[in-house]
Amino acid sequence: MLYIVILFLFASITLYFLLGGADFGAGIIELFTSTDNKHRTRKTMYQAIGPIWEANHMWLIITVVILFVGFPDIYSEMCTYLHIPLLILLLGIIARGTAFTFRNYDAIKGERTQNLYNHLFIYSSFVTPMFLGIIAGSALSGQIDPTAKDFAHAYVFSWFNWFSVAVGLFTVALCGFLAAIYIVGETDDVNDIKRYIKKAKVSNIAAVICGGLVFIASEIEHVGLSHWIFGNAISLVAVIAATLSLILLWFIISEKRNRQWIRLLAAFQVSMILISVGATRFPRFVIFKGGGSMSLLADHATSNTINDLGIGLLVGSLFILPALGYLYYSFRWKDR
Amino acid sequence: MDDFIAARSQMALSLGFHIIYSCIGMVMPVFMAISHYKWIKTKNQVYKNVTIAWSKGVAIFFATGAVSGTMLSFELGLLWPGFMKHAGPIFGMPFSLEGTAFFIEAIALGFFLYGWNKLNTWFHWFTGVVVGLSGIASGILVVSANSWMNSPSGFDYVNGKYLNINPLKAMLNEAWFSEALHMTIAAFSATGFAVAGIHALMIYRKQNVAFHTKSFKIAILFGAAAAILQPLSGDISAKGAAKRQPAKLAAMEAYFHTQEYAPLVIGGIPDTAAKKVNYGLEIPGLLSFLVHDNFKTTVNGLDKIPVKDQPPVAVTHYAFQIMVGIGTMMMFIGILYFIALWKKKEWLTKAWFLKLFIIATPTGFIALEAGWTVTEVGRQPWIIQGIMRTSDAVTKMPGIQYTFYLFTFIYFTLSVFVIFLLKRQIQMVPELYDR
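Residues numbered from 1 in each chain as written. Chains lettered and ligands numbered in written order. Predicted model: local features only at pLDDT ≥ 70, side-chain atom pairs only at ≥ 80, totals over all residues.

**Student:** An account of the overall build of chain A is needed here, citing residue identities and associated values.
**Tutor:** The number of helices and strands found in chain A is 14 helices and 2 strands. Here the C-alpha radius of gyration of chain A, 20 Å, is about what a compact globule of 336 residues would show, namely 20 Å. For chain A, the spread of C-alpha atoms along the principal axes amounts to about 55 × 40 × 40 Å. Long-range pairs, those at least 24 residues apart, make up 77% of the contacts in chain A between residues at least 6 apart in sequence. (Helix = DSSP H or I, 4+ residues; strand = E, 2+ residues; numbered from the N terminus. Rg over C-alpha atoms; globule rule 2.2 N^0.38 Å. Contact = placed C-beta atoms within 7 Å.)

**Student:** Outline the overall build of chain B, supporting the account with residue identities and numerical values.
**Tutor:** In terms of regular secondary structure, chain B is built from 15 helices and 8 strands. At 23 Å, chain B has a C-alpha radius of gyration in line with the 22 Å of a compact globule built from 435 residues. For chain B, the spread of C-alpha atoms along the three principal axes comes to 70 × 45 × 40 Å. Counting only residues that meet the buried cut, chain B has 55% of its 435 residues in that class. The long-range fraction of contacts in chain B, counting pairs at least 24 apart against all pairs at least 6 apart in sequence, stands at 76%. (Buried ≥ 20, exposed ≤ 12 C-beta atoms within 10 Å, placed from the backbone.)

**Student:** Pulling in residues and values, what's your account of the packing of helix 2 (residues 45-79) of chain B against helix 14 (residues 400-427) of chain B?
**Tutor:** All names here are of chain B. Interaxial distance between helix 2 and helix 14 falls to 11 Å at its minimum, and their mutual angle equals 170°. Considering their axes alone, helix 2 and helix 14 lie roughly antiparallel with respect to each other. Contact residues: helix 2 offers Ala-53, Lys-56, Gly-57, Ile-60 and Thr-64, while helix 14 offers Leu-414, Val-418, Leu-421, Leu-422 and Gln-425. Of the residues in the contact of helix 2 with helix 14, the class split is 6 nonpolar, 3 polar and 1 charged. (Axes fitted to C-alpha atoms, helices over the stretch in contact; angles between N-to-C directions. Parallel < 35°, antiparallel > 145°, perpendicular 65-115°, else oblique. Nonpolar A, V, L, I, M, F, W, Y, C, P; charged D, E, K, R; others polar.)

**Student:** Please give an account of helix 1 (residues 3-42) of chain B that cites residues and values.
**Tutor:** The end-to-end C-alpha distance of helix 1 of chain B, which contains 40 residues, comes to 58 Å, matching closely the 58 Å that a straight helix rising 1.5 Å per residue would cover. Looking one or two residues past helix 1 of chain B, Lys-43 of chain B carries a phi angle of roughly 60°, positive in sign. (Expected span 1.5 Å × (residues − 1).)

**Student:** Provide a residue-level description of the interface of chain B and chain A, including the pertinent values.
**Tutor:** Taken together, the contacts link 53 residues of chain B with 51 residues of chain A. With 21 residues, the single largest contributor to the side of chain B that touches chain A is helix 3 (residues 81-114) of chain B. Partitioning the side of chain B that touches chain A into residue classes produces 34 nonpolar, 15 polar and 4 charged.

**Student:** Pulling in residues and values, what's your account of the nonpolar core?
**Tutor:** One finds Ile-135, Leu-178 and Ala-179 of chain A together with Phe-31 and Ile-107 of chain B to be the most contacted residues of the largest nonpolar core, which totals 258 residues. Take this core: its biggest share by element is 19 residues, from helix 3 of chain B. Aside from chain neighbours lying at most four places away, what touches Ile-107 of chain B is Ala-55, Ala-323, Leu-324 and Leu-327 of chain A. (Core = buried A, V, L, I, M, F, W, Y, C linked by C-beta atoms within 7 Å.)

**Student:** Any details on the environment of Met-397 of chain B? Residues and values, ideally.
**Tutor:** Tracing the backbone shows Met-397 of chain B in the loop between helix 13 (390-393) and helix 14. The exposure class assigned to Met-397 of chain B is buried, which follows from the 20 C-beta atoms found within 10 Å. In this structure the C-alpha to C-alpha distance between Met-397 of chain B and Lys-85 of chain B, which are 312 residues apart in sequence, comes to 16 Å. Ignoring sequence-local partners within four residues, the contact set of Met-397 of chain B consists of Thr-80, His-83 and Tyr-155 of chain A.

**Student:** Explain the packing of helix 5 (residues 72-81) of chain A against helix 3 of chain B to me, and be specific about the residues and the numbers.
**Tutor:** Helix-helix packing is characterised by the crossing angle of the two axes and by the distance between the axes. Contact geometry of helix 5 of chain A with helix 3 of chain B gives a least axis separation of 8 Å together with a crossing angle of 160°. With respect to helix 3 of chain B, the element helix 5 of chain A is oriented roughly antiparallel. Seen along the crossing, helix 5 of chain A lies across helix 3 of chain B with a hand that is right-handed. Each of Pro-72, Asp-73, Tyr-75, Ser-76, Cys-79 and Thr-80 of chain A in helix 5 of chain A lies in contact with helix 3 of chain B, whose residues at this interface are Pro-81, Met-84, Lys-85, Gly-88 and Pro-89 of chain B. Among the residues making up the contact of helix 5 of chain A with helix 3 of chain B, the classes are represented as 6 nonpolar, 3 polar and 2 charged. (Left-handed = near helix turned anticlockwise from the far one by under 90°.)

**Student:** I'd like a rundown of unusual backbone geometry, residues and numbers included.
**Tutor:** All names here are of chain B. Backbone torsion omega between Gln-380 and Pro-381 reads 5°, so that peptide bond is classified as cis. Its place among the elements puts Pro-381 in the loop between helix 12 (363-377) and strand 7 (382-384). A positive phi angle, near 50°, is found at Ala-254, a position not held by glycine. Take Ala-254: it is sitting in the loop between helix 8 (246-253) and strand 3 (264-266). The class of Ala-254 is buried, set by 26 C-beta atoms lying within 10 Å.

**Student:** Give a detailed account of the confidence of the model for chain B, specifying residues and quantitative values.
**Tutor:** Residues and elements named next belong to chain B. On average, residues of chain B score 88 in pLDDT, and 100% of them reach the 70 mark or higher. Taken element by element, chain B is modelled with least confidence in helix 15 (residues 429-433), mean pLDDT 76, and with most confidence in helix 6 (residues 176-204), mean pLDDT 93. Scored as a complex, the prediction yields pTM 0.88 and ipTM 0.84. (pLDDT = per-residue confidence, 0-100.)

**Student:** If you had to explain the environment of Ser-96 of chain B to someone new, which residues and values would you point to?
**Tutor:** One can find Ser-96 of chain B in helix 3. Between the alpha carbons of Ser-96 of chain B and Trp-347 of chain B there is a distance of 48 Å; along the sequence they are 251 residues apart.

**Student:** Can you lay out the environment of Gln-380 of chain B for me, pointing to particular residues and giving the numbers?
**Tutor:** Residues and elements named next belong to chain B. Relative to the assigned elements, Gln-380 resides in the loop between helix 12 and strand 7. As for Gln-380 and Ala-254, which are separated by 126 residues in sequence, their C-alpha atoms are 15 Å apart. Contact partners of Gln-380, with chain neighbours within four places excluded, come to Pro-311, Pro-312 and Thr-390.

**Student:** So, helix 12 (residues 233-252) of chain A: which residues are in play, and what are the values?
**Tutor:** Residues and elements named next belong to chain A. With 20 residues, helix 12 should cover 28 Å at 1.5 Å per step; its first-to-last C-alpha distance of 28 Å lies within 8% of that length. Within the span of helix 12, buried status applies to Ser-235, Ala-238, Val-239 and Leu-249. Projected onto a plane normal to the axis of helix 12, the buried residues spread over an arc of 100° and lie on a single side. Opposite the packed face of helix 12, turned more than 90 degrees from it, sit the exposed residues Ala-233, Ile-240, Leu-244, Ile-247, Phe-251 and Ile-252. (Arc of directions from axis to C-beta.)

**Student:** So, the pairing of strand 1 (residues 284-287) of chain A: which residues are in play, and what are the values?
**Tutor:** All names here are of chain A. Alignment of strand 1 against strand 2 (residues 293-295), held across 3 bridges, turns out to be antiparallel. Looking at strand 2, one finds that Arg-284 is bridged to Ser-295. Joining the antiparallel neighbours strand 1 and strand 2 is a turn of 5 residues, in which Gly-290 adopts a positive phi near 90°. (Pairing = 2+ DSSP bridges.)

The following block contains the structure:
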């Protein structure tokens with residue numbers, strides 16, 4: 001049952017990245033869209049994410065619940081040493097979630113209020129995935145120092161370091177990339193499609209550059225990322241698959257080809273990156289300075305709890321997955 | 001500010017706001033579904049307008065409720081890592097089920113809000129009902145997690161270790177039913193009165209009277225019925241507290257000395273040092289009767305509880321008095337409404353009658369917050385009754401006062417925005433629905 005729970009944990013993280021991440025990307029794309037096209041882009045984005053918006057972000061809740069029920073020691077360590085980035089993440093989530101709803105449900109569409117909502121939405125769309133990346137980078141890179149004596153070393157440098165920040169930027173770029181690819185399929189206007197394809201290519205290049213930054217930062221901070229990846233068969237295969245799919249994507253992306261395939265390919269690519277990272281460190285989930293770590297296979301709740309949690313998740317997914325599938329089908333598939 | 005006090009204040013603030021957003025978010029979909037049903041059956045356009053108008057309110061409250069709930073799921077760990085480390089595996093069951101219910105709610109809401117003219121009429125209606133049902137289920141599950149803190153079960157506590165954990169037993173602890181019942185009824189009465197009050201105001205101002213009259217009726221039917229039922233569920237809760245948390249009950253009643261014919265103290269100013277209540281109205285024997293159904297039976301007072309295990313008496317007592325006082329008043333207003341509905345139809349349009357409901361708009365939520373204060377402050381100094389002290393659960397990160405200030409700012413800003421948006425929605429009723 002432990003493995004089922006772990007599977008759900010990784011599946012929730014991946015789905016949050018692929019679906020919620022694309023939502024973040026929508027805001028990031030908006031940030032990098034010229035004023036002339038902003039309105040059109042926003043409208044297309046809204047049509048795309050409106051009905052599925054709230055559901056996409058539920059994966060984060062599922063992730064958190066799995067962590068605190070199934071892996072309470074890991075959860076409380078993360079909450080203690082990564083308090084500040086988690087707090088900033090929360091601020092981003094609040095600003096985004098409310099701004100997105102408010103701008104749609106403000107009965108009077110005044111220019112000033114709409115501007116305020118848009119700004120909140122756009123900047124929080126950048127900050128939130130940035131800090132998600134920072135948190136992930138910090139947990140995995142061995143920068144958390146439980147023996148630190150002063151505030152800065154215990155609670156600030158645990159996450160404020162080159163590697164974590166680089167992972168943050170990489171996450172932002174990936175979200176932008178996902179959104180740009182997804183949105184290509186959302187419109188039938190040829191000019192818009194061209195514009196979005198260009199955005200997708202630019203964000204893809206940005207993601208590759210940020211990915212490079214992550215490797216450079218890993219050398220600076222002595223994280224040893226390349227060592228992890230090339231030392232683990234699954235990670236290596238996943239990285240190669242991601243790279244190949246990237247090349248394939250550049251070949252097939254165009255206005256006329258089947259745009260659903262590009263989406264799947266982009267989602268595949270990002271999943272491969274997540275799998276590669278997950279596999280290198282598995283079963284370790286939080287790594288401390290000096291080599292100590294917390295493991296999903298060792299630092300879990302008692303087997304009774306894990307069993308009940310696993311059953312709960314299995315039963316829950318029997319309700320959630322068909323309903324979610326039908327939601328996507330009704331609004332994302334049937335309409336076109 | 002002391003870090004511990006700051007953490008407690010931040011948690012109280014977060015829950016205090018979340019409870020409002022989430023109660024409205026779980027009850028309004030029910031109103032919405034009723035109105036939707038009336039529209040499908042009667043084809044009266046007014047009902048459709050009411051449904052759409054309310055669904056916008058639901059969307060706003062769902063979004064704020066969802067983000068404030070997300071915040072809470074993190075704050076549990078950010079502020080109380082010592083608690084979550086041990087409690088997570090024990091009382092996590094309702095949280096994982098709540099995650100499912102909440103997910104279903106979000107999916108159903110997507111269908112409902114965007115399903116007009118797209119989905120089959122009855123399927124569309126059904127998705128609205130699912131929003132309401134899963135919202136209520138979420139509420140009950142979260143409250144059952146809280147009731148575990150009041151009535152811990154499903155584990156053995158041996159030499160500081162938590163052994164033989166049984167999450168299902170923890171979820172179905174002794175207090176879950178009474179707390180869930182009391183909270184659900186409170187959500188209906190508070191939201192019913194608040195929604196009805198706003199529509200009463202618009203009727204009083206003679207704006208879109210048909211629209212607001214129909215809205216008023218649906219909301220107050222639930223609000224009034226719930227307000228009339230609430231004292232009964234309160235009685236169940238008080239008896240439960242007497243059994244499981246005698247310190248809480250004694251603090252609620254500011255009842256210092258164990259005695260026979262225990263009096264019920266109404267109002268008054270508790271003097272903890274002198275162990276007495278000044279200016280209160282004492283009714284001899286009534287507390288004994290309420291707790292044990294017998295005027296003579298001894299009720300244990302605060303003198304039976306070590307001082308270090310006593311909750312703050314004054315706050316608990318005042319909050320309890322406010323809750324009961326307002327609750328009783330709401331019950332009478334509820335009865336008045338049913339008299340008007342069945343016997344005195346002419347009252348329904350009278351200015352005094354409408355004014356009564358306008359004044360009563362916030363009362364349910366004041367009582368709700370007071371009740372929440374009773375249950376949380378009354379449990380202190382424990383975070384898990386009798387097992388773990390709140391002060392042992394708090395994070396070791398210093399500087400929590402700053403995050404408390406930050407969260408205070410955020411919650412107030414968020415609430416200002418929500419009120420602003422609702423005001424604009426109501427303001428636009430004539431233009432949006434008077435075609």
